[in-house]
Amino acid sequence: MTRKRQRLILVLSGLAALGLATGLTLYALRDNLVFFYSPTQVVQHEVPVENRNIRIGGLVADGSVQRPAANTIHFAITDMVNTVNVTYTGLVPNLFKEGQGVVAEGRLGPDGTFLASQVLAKHDETYMPKEVIDALKASGQWKGN
Amino acid sequence: MVAELGHFALIVAFVIAAVQATVPLVGAHRGDDNWIAVARPAALTQFLMAAVAFFALMWCFVHSDFSVYAVYNSSHSLKPLVYKIAGVWGNHEGSLLLWILILSGFGAAVAAFGNNLPPALKARVLSVQGMIGVGFLAFILFTSNPFARVFPAPEEGMGLNPLLQDFGLAIHPPFLYLGYVGFSMAFSFAVAALIEGRVDPAWARWVRPWTLAAWCFLTVGITLGSWWAYYELGWGGFWFWDPVENASFMPWLAGTALLHSAIVVERRDTLKAWTILLAILTFSLSLLGTFIVRSGVLTSVHAFATDPARGLFILAFLVAVIGGSLALFAVRAPALKPGGLFAPVSREGALVLNNLLLATACATVLLGTLYPLFLDALTGDKVSVGPPFFQATFVPIMLPLLGAMVVGPMLPWKRADLGPALERLRFTFIAAGFAGLVVYALVSGTSLTAAGGIALATWIILGGMTPLAQRVFRRGAGGADRLRALPRSAVGMSLAHAGIGVVVLGLTALLTWQTEKDQVLRVGQSMDVAGYTLTLRSVGPHPGANYIASRAVFDVAKGGAVIKTALPEKRAYVDSTQVTTEAAIEPTLFGDLYVVLGDADGTGGYAIRAYFKPFVHLLWLGAALMVLGGVVSLSDRRHRVGAPAKSRTPGAAVAAPPARAAT
């Protein structure tokens, strides 16, 4: 074992690890990215129609929350310009409330209703998800700095 | 007055840190003993001042002095005392102060206990610590003064986020910070060594205990956070691959790699440049973690404030520290003397493999965490990278590491044959395969993957113990003496490795046999989950210290007999409009029964979610074993700070060379 050979082996195994990581990452990024859209983008059909998970975010529209059953909930996500109706089955987070920021993950149904598999509200009542702020800014409805 | 005293102490600490950052460094360069001698009193005084400031802020919190903005913003007079104290670090300014306290505490520890460090090295280490201190003290004084006053003083505080009013979480940040900041020691030693241009086994002996201690603290901190998420968030999850979790996980991965590569430097005087680089990267990742968590660039629970000036400052600091240290590395590293040679199959080779895989895993986590930021900056697309990404990248990289971590400690240094090592592991291998097969055959619902997971876990747990067992149960008498004579570092390694195996076992069981059920129940109705029958008896109000809960009473029956009462709650806090979910978690021998009370439907029905979480306690047990292993290894006399290096004679090293701690 010479010093040169040892260095060669180290460099090659380093490259192999790097290659492995790159391959796995590229493969994983192809399928596992979840894109975020604002209600306006959804309404204006900027959302690709492929059958994949997306996130939409905004505020829970005032007066939109309905509970046909204790664990089913209908509500609307709005950026104060456009609105998307959402259906979700399961427990909503504690901070889920009309007028609060919300992010829903799921698929867009054929009738334009969003079928959420997950509803995320953040852990702090004064905190607004950054995506929601950006969506509100994009619709010109953000009142803050 | 107390607040002003604290503020003043911080300013004094800043000035002292500036002196500590420069005078000893120049002194070490010139060989001036008087200048070098400044390091010790400076480090001790800086710590004293930081402590004064910290306790001043704590005084303000305990006495609910709402004229101090930080107190007003995150405390409330009705809060229990322990959460008033925890409130000190429950906000941006106070958590920064805690960071500074710990940073100066580590510096003071080196100053006080590092008596047999070479004086010049010690001076340089303390100088680098001083530089980090200057950066953080400037940050706190110029952008986030914890003692800022509000006028007029409000009558009552805003309250602490109720989710954070929990004992596990109250002590989570201090442990996490002890870990993060503990890696600053490795960093300071690395930079000092680069300035001196010399790295030797003695250096590694100095660095390892600090790194190991930091690693233990970080492990505790991460586990506490995960445990909190499990029982407090009401979703039954323990790890979400959330950016802030990743932020603490990356330094852990890099720190784990650093622990292992430092062994090679210590024992074989090689891999020096790589170890230095790892030390720099580990602390850089700690800083990056702080930046991610505190700056609000990523959506997270932990983002307190999104003041752009702060973000910019941290970013600049990050660039200065990482860029500066890497530049120094680029200039100085080639001058480091190359060390001993080793064959690819050898203990060194195994540790290199460990480092490669851990570093690669860390890189994929880093990429997944920062990718949304990059994409947003470059294209404006908003994406989230969720658990599927990390499962597809992180897990395949970790699997070979988990398999190999049993073989590595069996290999002798320098040059080895895989044959004899595997030969000594044949029973472990058979036992592991047997365990997987038995579970596959006997337990319904076991997939091949799950059987593989069980086999892997058994392989790691037994394999971790094998080197110890083979030393103790060698032919001949005196096994008990040999048990006592085992180096603590070897015992520590076995415990920590077994801990990893226990975690793998818990994960496998949880992912395979977890059951979840959502149902709407009225009072008197029942639901079944995993062989238990839950009957809703009543739902009613239940007052607590600073909240009013709506509490459900469930009879938990198994085989027709009621064995437990489960009491899930929803709490409404008086100082906040926020509601929290308190899941009822009923531990059993085989796992936790986890019941969550959801919303009422207005007609007498309640949404109930119930889980059975098989063997979830193994996750915490495994983490505890890892920490225990670290602590046992730390108690090894060779690791005792300042203990003279005593060469161990490898007595009767037949096939087994003395296993060194590889926690």
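Only a predicted model underlies this, so the values are computations on that prediction, with no experimental measurement involved. (Residues numbered from 1 in each chain as written. Chains lettered and ligands numbered in written order. Predicted model: local features only at pLDDT ≥ 70, side-chain atom pairs only at ≥ 80, totals over all residues.)

Draft legend 1. How the structure looks around the overall build of chain B. If you tally the helices and strands in chain B, you get 21 helices and 11 strands. A compact globule built from 663 residues should have a C-alpha radius of gyration of about 26 Å, and chain B, at 27 Å, falls within 12% of that. C-alpha atoms of chain B, sized along the principal axes, occupy 80 × 75 × 55 Å. Across the 663 residues that make up chain B, the buried fraction comes to 56%. Across chain B, the fraction of contacts at a sequence separation of at least 24, relative to all contacts at a separation of at least 6, is 74%. (Helix = DSSP H or I, 4+ residues; strand = E, 2+ residues; numbered from the N terminus. Rg over C-alpha atoms; globule rule 2.2 N^0.38 Å. Buried ≥ 20, exposed ≤ 12 C-beta atoms within 10 Å, placed from the backbone. Contact = placed C-beta atoms within 7 Å.)

Draft legend 2. Looking closely at the overall build of chain A. Helices and strands together make up the secondary structure of chain A, namely 3 helices and 7 strands. Taken from the N to the C terminus, the helices and strands of chain A come in the order α-β-α-β-β-β-β-β-β-α. Out of the 145 residues belonging to chain A, those deemed buried represent 35%. A sequence separation of at least 24 residues applies to 54% of the contacts in chain A between residues at least 6 apart.

Draft legend 3. Broad picture of the sheet that holds strand β2 (residues 515-522) of chain B. Residue and element names in this part refer to chain B. Across the sheet, which stays open at both edges, the 4 strands sit in the order β2-β11-β10-β9 with antiparallel pairing between neighbours. Across the chains shown, the open sheet's two edge strands, defined by having one partner strand only, are β2 and β9 (584-588). Strand after strand, the sheet turns through a mean of 20° between neighbouring axes, direction not considered. With 8 bridges joining them, β2 and strand β11 (residues 605-614) adopt antiparallel strand pairing. In the sheet register, Gln519 faces β11, and the bridge partner there is Ile608. (Pairing = 2+ DSSP bridges. Axes fitted to C-alpha atoms, helices over the stretch in contact; angles between N-to-C directions.)

Draft legend 4. Here's a closer look at the interface of chain A and chain B. Residue-level contacts link 37 residues of chain A with 44 residues of chain B. The element contributing the most residues to the side of chain A that touches chain B is helix α1 (residues 3-32) of chain A, with 16 residues. Residues belonging to the side of chain A that touches chain B are distributed by class as follows: 20 nonpolar, 9 polar and 8 charged. Looking at chain direction, strand β1 (residues 33-37) of chain A and strand β1 (residues 382-385) of chain B are connected through 4 bridges and run antiparallel. Across the sheet, Phe35(A) pairs through a bridge with Val383(B), a residue of β1(B). (Nonpolar A, V, L, I, M, F, W, Y, C, P; charged D, E, K, R; others polar.)

Draft legend 5. Representation of the environment of Pro251(B). Residue and element names in this part refer to chain B. By the element assignment, Pro251 lies in helix α11 (residues 243-268). Residue classification places Pro251 among the buried residues on the basis of 30 C-beta atoms within 10 Å. Put simply, Pro251 and Phe283 are 32 residues apart on the chain and 7.0 Å apart in space, counted from C-alpha to C-alpha. With sequence-adjacent residues up to four places away left out, Pro251 is seen in contact with Tyr180, Phe183, Leu218, Thr282, Leu285, Ser286 and Gly289.

Draft legend 6. Fine view of the domain arrangement of chain B. Residue and element names in this part refer to chain B. Each assigned domain of chain B is listed here: domain 1 (1-160), domain 2 (161-331 + 364-388), domain 3 (399-513 + 617-634) and domain 4 (515-614). Computed from C-alpha coordinates alone, the two centres of domain 2 and domain 3 are separated by 27 Å. Facing 12 residues of domain 2, the contacting portion of domain 3 comprises 10 residues. Secondary structure elements with two or more residues in the side of domain 2 that touches domain 3: α10 (201-232) and α11. With 9 residues, the top contributor of residues to the side of domain 2 that touches domain 3 is α10. Grouping the amino acids of the side of domain 2 that touches domain 3 by side-chain chemistry returns 8 nonpolar, 2 polar and 2 charged. (Domains from an automatic or database assignment.)

Draft legend 7. How the structure looks around the nonpolar core. Ranked by size, the top nonpolar core spans 191 residues in total, and within it Ala186(B), Phe189(B) and Ala279(B) carry the most contacts. If we skip the residues at most four places from it in the chain, Ala186(B) touches Val207(B), Trp210(B), Thr211(B), Leu258(B), Ala279(B), Thr282(B) and Phe283(B). Counting 53 residues, the second largest nonpolar core, distinct from the first, contains Phe36(A), Val86(A), Val119(A) and Leu536(B). (Core = buried A, V, L, I, M, F, W, Y, C linked by C-beta atoms within 7 Å.)

Draft legend 8. Spotlight on the packing of α11(B) against helix α14 (residues 347-379) of chain B. Residues and elements named next belong to chain B. Contact geometry for α11 and α14: axes closest at 9 Å, N-to-C directions at 160°. Between α11 and α14, the angle falls in the class roughly antiparallel. The two elements α11 and α14 meet at a crossing, and its hand is left-handed. Class assignment of the residues belonging to the contact of α11 with α14 gives a composition of 15 nonpolar, 7 polar and 2 charged. (Parallel < 35°, antiparallel > 145°, perpendicular 65-115°, else oblique. Left-handed = near helix turned anticlockwise from the far one by under 90°.)

Draft legend 9. Representation of the pairing of strand β5 (residues 547-558) of chain B in the model. Residue and element names in this part refer to chain B. In terms of strand pairing, strand β4 (residues 532-543) meets β5 through 11 bridges, oriented antiparallel. Opposite Pro541, over in β5, you have Ser550 as the bridge partner. Between the end of β4 and the start of β5, which pair antiparallel, lie 3 residues. Sheet topology places β5 next to strand β7 (residues 569-573); 5 bridges connect them, and they run antiparallel. Paired with Ala549 across the two strands is Arg571, which belongs to β7. Relative to strand β6 (residues 561-566), β5 is paired through 5 bridges, and the arrangement is antiparallel. By the bridge assignment for β6, Val556 is matched with Lys564.

Draft legend 10. Summary view of unusual backbone geometry. Residue and element names in this part refer to chain B. Look at the link from Phe151 to Pro152: it is a cis peptide, with omega at -5°. Looking at where Pro152 falls in the secondary structure, it is placed in the loop between α7 (119-143) and α8 (167-170). Residues other than glycine seldom take positive phi values, yet Trp241 does so here, at roughly 55°. Here Trp241 lies in the loop between α10 and α11.

Draft legend 11. Region of the structure containing helix α20 (residues 488-513) of chain B. Here α20(B) spans 37 Å end to end across 26 residues, near enough to the 38 Å set by a 1.5 Å rise per residue. Judged by how many residues are buried, α20(B) sits mostly within the fold: 20 of 26 residues are covered. (Expected span 1.5 Å × (residues − 1).)

Draft legend 12. View of α1(A). Spanning 30 residues, α1(A) covers 43 Å between terminal C-alpha atoms, matching the ideal 44 Å at 1.5 Å per step. Buried within α1(A) are the following residues: Ala17(A), Ala21(A), Ala28(A) and Asn32(A). Packing partners of the buried residues in α1(A) comprise β1 of chain A together with α14, β1 and α15 (387-404) of chain B.

Draft legend 13. Expanded view of the packing of α7(B) against helix α9 (residues 172-196) of chain B. Residues and elements named next belong to chain B. Look at α7 against α9: their axes get within 8 Å of each other, and the N-to-C directions meet at 125°. It follows that α7 is oblique to α9 by the angle criterion. Once α7 is placed against α9, the crossing between them reads as right-handed. Facing α7, whose interface residues are Leu121, Arg124, Val125, Val128, Gln129 and Ile132, α9 presents Ser184, Ser188, Phe189, Val191, Ala192, Ile195 and Glu196. Its residues assigned to classes, the contact of α7 with α9 shows 8 nonpolar, 3 polar and 2 charged.

Draft legend 14. Region of interest: the confidence of the model for chain B. All names here are of chain B. Counting all residues, the mean pLDDT for chain B is 87, and 93% of those residues have values of 70 or more. Taking the mean pLDDT of every element in chain B, the minimum, 75, falls on helix α19 (residues 479-485) and the maximum, 96, on helix α3 (residues 39-62). Below pLDDT 50 for its whole length, residues 300-305 participates in 17 contacts with residues either more than four positions away or in separate chains. Low pLDDT, under 50, characterises residues 642-663; the stretch is placed with 49 contacts to residues that sit more than four places away or in other chains. The complex model carries a pTM of 0.90, and its ipTM stands at 0.81. (pLDDT = per-residue confidence, 0-100.)

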